[in-house]
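Commentary on secondary and tertiary structure
The primary structure of each chain is shown beneath.
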Amino acid sequence: VQSEDVLGYFVTVERIPNSCSHSPNHIFLKERIILVNLSMAYYRVNISAYNEAGESPRAIYNVPEFALTDLPGQIHVKSQGTNAVVTWTPEYNPKCFVVDWGTGKEDMHMKIVTTATGNFTLDNFQPYKLYKIIVHASDVCQCEGFIGHERTFGVTHFYSVEGVPRTGPTNVTILNITKHSALVKWTKIAAEDRLGFLQGYRISYTDSSRKKSPAVTLNSSITSYHLTGLKEKTTYRVQISGFTNAGEGPLTLSQPFSTPKYGTVE
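Residues numbered from 1 in each chain as written. Predicted model: local features only at pLDDT ≥ 70, side-chain atom pairs only at ≥ 80, totals over all residues. Heavy atoms only, no water.

**Examining the pattern of salt bridges**
For the structure shown, the criterion picks out ten salt bridges. In this structure, Arg44 engages Glu14 in a salt bridge whose closest nitrogen and oxygen atoms are separated by 3.3 Å. Of this pair, Arg44 sits in strand β3 (residues 42-51) while Glu14 sits in strand β1 (residues 8-16), and the two are 30 residues apart along the sequence. By relative accessible area, which is 8% here, Glu14 ends up buried. The closest approach of N and O atoms between Glu150 and Arg15, which form a salt bridge, is 3.0 Å. Of this pair, Glu150 sits in the loop between β11 (131-138) and β12 (151-158) while Arg15 sits in strand β1, and the two are 135 residues apart along the sequence. As far as burial versus exposure is concerned, Glu150 and Arg15 are alike and both buried. Taken together, the shared-partner salt bridges connect Glu14, Arg44 and Glu106 into one network. (Salt bridge = Lys/Arg side-chain N within 4 Å of Asp/Glu carboxyl O. Helix = DSSP H or I, 4+ residues; strand = E, 2+ residues; numbered from the N terminus. Buried < 20%, exposed > 50% of the residue type's maximum accessible area, 1.4 Å probe, protein only.)

**Some points on the sheet that holds strand β9 (residues 107-113)**
Sheet architecture is open: four strands sit in the order β9-β8-β11-β12, paired in antiparallel fashion. Looking along the sheet, the strands with just one partner apiece sit at the ends: β9 and β12. Direction aside, neighbouring strands of the sheet carry axes that sit 15 degrees apart on average. (Pairing = 2+ DSSP bridges. Axes fitted to C-alpha atoms, helices over the stretch in contact; angles between N-to-C directions.)

**With respect to the side chain of Ser48**
Its location among the elements puts Ser48 in strand β3. Looking at Ser48, its side chain comes within polar contact range of the side chain of Glu55, at 2.5 Å. (Polar contact = N/O pair within 3.5 Å; in protein donor to acceptor, adjacent residues only side chain to side chain.)

**So, the packing of aromatic side chains**
Summed over all chains, the structure comprises nine aromatic pairs. Between Phe97 and Phe153, the ring centres sit 6.3 Å apart and the planes meet at 75 degrees, which makes this aromatic pair edge-to-face. Residue Phe97 is found in strand β8 (residues 96-104), and its partner Phe153 is found in strand β12; the two are separated by 56 residues along the sequence. Owing to a relative accessible area of 3%, Phe153 belongs among the buried residues under this scheme. Relative to Tyr131, the ring of Phe125 lies with its centre 4.6 Å away and its plane at 75 degrees, an arrangement referred to as edge-to-face. Accessibility expressed as a relative area gives 3% for Phe125, which makes it buried. (Phe/Tyr/Trp six-rings, centres within 6.5 Å; stacked < 30°, edge-to-face > 60°.)

Written out as structure tokens, the structure reads:
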């Protein structure tokens, strides 16, 4: 379809999960900009052009996740087996709240809460999976009317049961080796391997005589550590693990490295 032959566009904004219907098709004659007031729910936009011969195939665009901003409310979640009780304190009394929860865009569920108590029980949570829970306030309580009317109240993440990490950090490398120090760097444990909220890392090192240093506990945001107090002309191996509230995961071992008698190892 040549652009000069286009008579207009069909634009459909779809709220995810699909229990919400598409918003009505909008026809914008020769328009290529549309402003839609969206909450922090997941959305998919379908766009097609039309002319006298008919409608083109649809272009599908998944709206990226919004970065967390200063939201007006806090959400609290308490586990009850495979269920979870979600509570919040409304800043005002809208006609209803819309609760979205799931492990990702393709696995979201939705409930409309019309009571003013500020709590709701969600079910069928699986252990060791990270869930995202989003609460929106809306003065329109029909599914088709959420788009443009709901406002996100708060967002939180939740594990019904936490486990220990299934792996340690990856890509452990040793740099800037001197006779008394070395820099350890690693790649953080992937989100899908944490099985719980990662609290931090434990790092220790052992020399060739199998003398093990005391473990150092580091914040989960740290991905490097400067070893000091090493002995010259000695071989070492570093061990690193991650831990959650459920406990410590497996150790990752570095390749052995040796401190020089003089200078720095290139």
